[in-house]
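Spelled out, the chains give:
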Amino acid sequence: MEVEQASTVTNFTVPGPIGAIPVRLYQPQGRVKSGDLQALVLYFHGGGFVSGGLDDADLQARYIAQHSRAVVLSVAYALAPAKPFPAAPEDAYAAACWAVKNAGMLHIDPHQIAVAGDDAGGNLAASLTMITRDRCSAPFVAQVLISPMLDPSMTLLGDAKRLNSDMTAEACALRYRQYLPQTMQRLHPYAAPLEASRLAGLPPAYIATAGCDVLHTEAEKYAASLIHAGVHTQVARFAGITHDALRSHIPLLKEIVEFLRRRFSAIAGPTNPAFQFQPS
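These numbers come from a predicted model, not from an experiment.

Parameters at a glance
- Residues numbered from 1 in each chain as written.
- Predicted model: local features only at pLDDT ≥ 70, side-chain atom pairs only at ≥ 80, totals over all residues.
- Heavy atoms only, no water.
- Axes fitted to C-alpha atoms, helices over the stretch in contact; angles between N-to-C directions.
- Helix = DSSP H or I, 4+ residues; strand = E, 2+ residues; numbered from the N terminus.
- Left-handed = near helix turned anticlockwise from the far one by under 90°.
- Contact = heavy atoms within 4.5 Å.
- Nonpolar A, V, L, I, M, F, W, Y, C, P; charged D, E, K, R; others polar.
- Salt bridge = Lys/Arg side-chain N within 4 Å of Asp/Glu carboxyl O.
- Buried < 20%, exposed > 50% of the residue type's maximum accessible area, 1.4 Å probe, protein only.
- Lys, Arg positive; Asp, Glu negative; His and termini not counted.
- Phe/Tyr/Trp six-rings, centres within 6.5 Å; stacked < 30°, edge-to-face > 60°.
- Pairing = 2+ DSSP bridges.

## Digging into the packing of helix 2 (residues 87-101) against helix 4 (residues 120-134)
Running from N to C, helix 2 and helix 4 point in directions that differ by 65°, and their axes come no closer than 9 Å. In this structure, helix 2 crosses over helix 4, and the sense of that crossing is right-handed. Only Leu124, Ser127, Leu128, Ile131 and Thr132 of helix 4 make contact with helix 2, whose side of the interface consists of Ala88, Pro89, Ala92, Tyr93 and Ala96. Partitioning the contact of helix 2 with helix 4 into residue classes produces 8 nonpolar, 2 polar and no charged.

In C-alpha cells, the structure reads:
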C-alpha cells in the first residue's frame, strides 16, 4: 500500500514527566502561505499499552498530514509493564502541552488541535480529552478513535470465534493486567473511558469500529454515551475488517480526513484559508 510522502518528517524528543518522549513530526507537502497557521493532529499508536511505536502509526500519520493539510505529531508514550498507568496518559498530556507551548515554532494554531489514536492509542486519545477538560487546558477541536480499547472490565467483549476476530479476550486481559496492575485502576475514567460518568464538554468525536473485532460493541456503546451527553459524534462500523487491519484501511482514513477538515473549518471560519475544505 502506497501513501504519498510527507514533505518533512522529523524525529525528536519532548520532555515528559518521567523522561523524554519520542515523537515524529509530519509536515504536509505544499505549505500554506507565509503567515498562515496550520492545524495539528496528535496521534497515538496502538499496541495494547505494552508494545508498538512511531512506525506503527506511520501510514496513518502520513495520510492524515497529506490529505487534511494538517501537521501531525505522532507520540511514542510510555509502555507497560515497565511504566504502567498513569504514565501513558501523562505522557500524552505532556506532549499536548509541549505542542501548545511551541505552537509558534511548529507554525500551528493552538486553538486548532485534534487528537487521534488506534487500539490503546484510541484509549489515550479519549482520556486526553478528559484530562485537558478537567485541568482547564485549551480544549481540542476533535477526537478520532479507531477500534479503541475503552473497557478494562471487558464486560462488552464480543465472541472472537463468531466474529472471526483477530483480537481475543485473552489478549485484552493480558494487556490490561500489565497496564493496570491495581484492580481499582480499572474504574478510573482516564484508564477506562467507558466508565466515565462526565462526558459533557468533550470535543466532537469520530469513532470507527471493525466488524471482525471483539471490541466493536464497547466502542459503539461509548459513542452512544457521548451522544447522550450532547457531544457531536459520528460512528462507523467497517464490515469484514479486522481490528489490526482497520487502522490502515484507506476508506477509513478518507472518512477521518473529511471529519477533521469539517471540524477545523467549523472552528476556523472563513477568514483563514489554511483550514478551508479542499476536495482530494
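Okay, back to it.
## Let's talk about the pattern of salt bridges
This model, assessed by the stated rule, comprises 8 salt bridges. Between Arg24 and Asp58 there is a salt bridge whose closest N-O contact spans 3.4 Å. On the criterion of sequence distance, the pair formed by Arg24 in strand 2 (residues 21-27) and Asp58 in helix 1 (residues 58-68) is long-range, its members being 34 residues apart. Since its relative accessible area comes to 18%, Asp58 is described here as buried. Between Arg261 and Glu258 there is a salt bridge whose closest N-O contact spans 3.3 Å. In this pair, Arg261 and Glu258 both sit in helix 9 (residues 250-268), 3 residues apart, roughly one turn of the helix. By relative accessible area, Glu258 is classed as partly exposed at 23%. Sharing partners across several salt bridges, the network here consists of Arg24, Asp55, Asp58 and Arg62.

## Digging into unusual backbone geometry
With an omega dihedral of 0°, the bond running from Ala80 to Pro81 counts as a cis peptide bond. Note on placement: Pro81 falls in the loop between strand 4 (71-75) and helix 2. Phe85 connects to Pro86 through a cis peptide bond whose omega is 10°. Inspection of the secondary structure assignment puts Pro86 in the loop between strand 4 and helix 2. Backbone geometry places Arg69, a non-glycine residue, at a positive phi of 65°. On the accessibility criterion, Arg69 (19% relative accessible area) is buried.

## Digging into the side chain of Asp119
Mapped onto the elements, Asp119 comes out in the loop between strand 5 (108-118) and helix 4. For the buried Asp119, no salt bridge exists, and the shortest N-O distance to an oppositely charged side chain is 4.2 Å, to Arg175. The residues touching Asp119, leaving out its near neighbours within four places in the chain, are Gly46, Gly47, Gly48, Ile146, Ser147, Pro148, Met149, Met167, Arg175 and His243.

## Some thoughts on the packing of aromatic side chains
In the structure shown here, the tally under the stated rule is 5 aromatic pairs. Note on Phe85 and Tyr179: the rings are 5.8 Å apart at their centroids and 80° apart in plane angle, and the pair reads as edge-to-face. Of this pair, Phe85 sits in the loop between strand 4 and helix 2 while Tyr179 sits in helix 6 (residues 169-179); the two residues are 94 residues apart in sequence, bridging distant segments of the chain. Judged on exposure class, the residue Phe85 and its partner Tyr179 are both buried. An angle of 45° between the planes, with centres 5.7 Å apart, marks the rings of Tyr206 and Phe259 as tilted.

## Describing the sheet that holds strand 1 (residues 8-14)
An order of 1-2-4-3-5-6-7-8 is seen for the 8 strands of this open sheet, with the pairing classed as mixed. The sheet is open, and its two edges are formed by strand 1 and strand 8 (233-242), each paired on a single side. Across the sheet, the mean angle from the axis of one strand to that of its neighbour is 20°, orientation sign disregarded. With 6 bridges joining them, strand 3 (residues 38-44) and strand 5 adopt parallel strand pairing. Paired with Val41 across the two strands is Ala114, which belongs to strand 5. Relative to the sheet, helix 4 contacts strand 3, strand 5 and strand 6 (142-146), its axis offset from that of strand 5 by approximately 140°.

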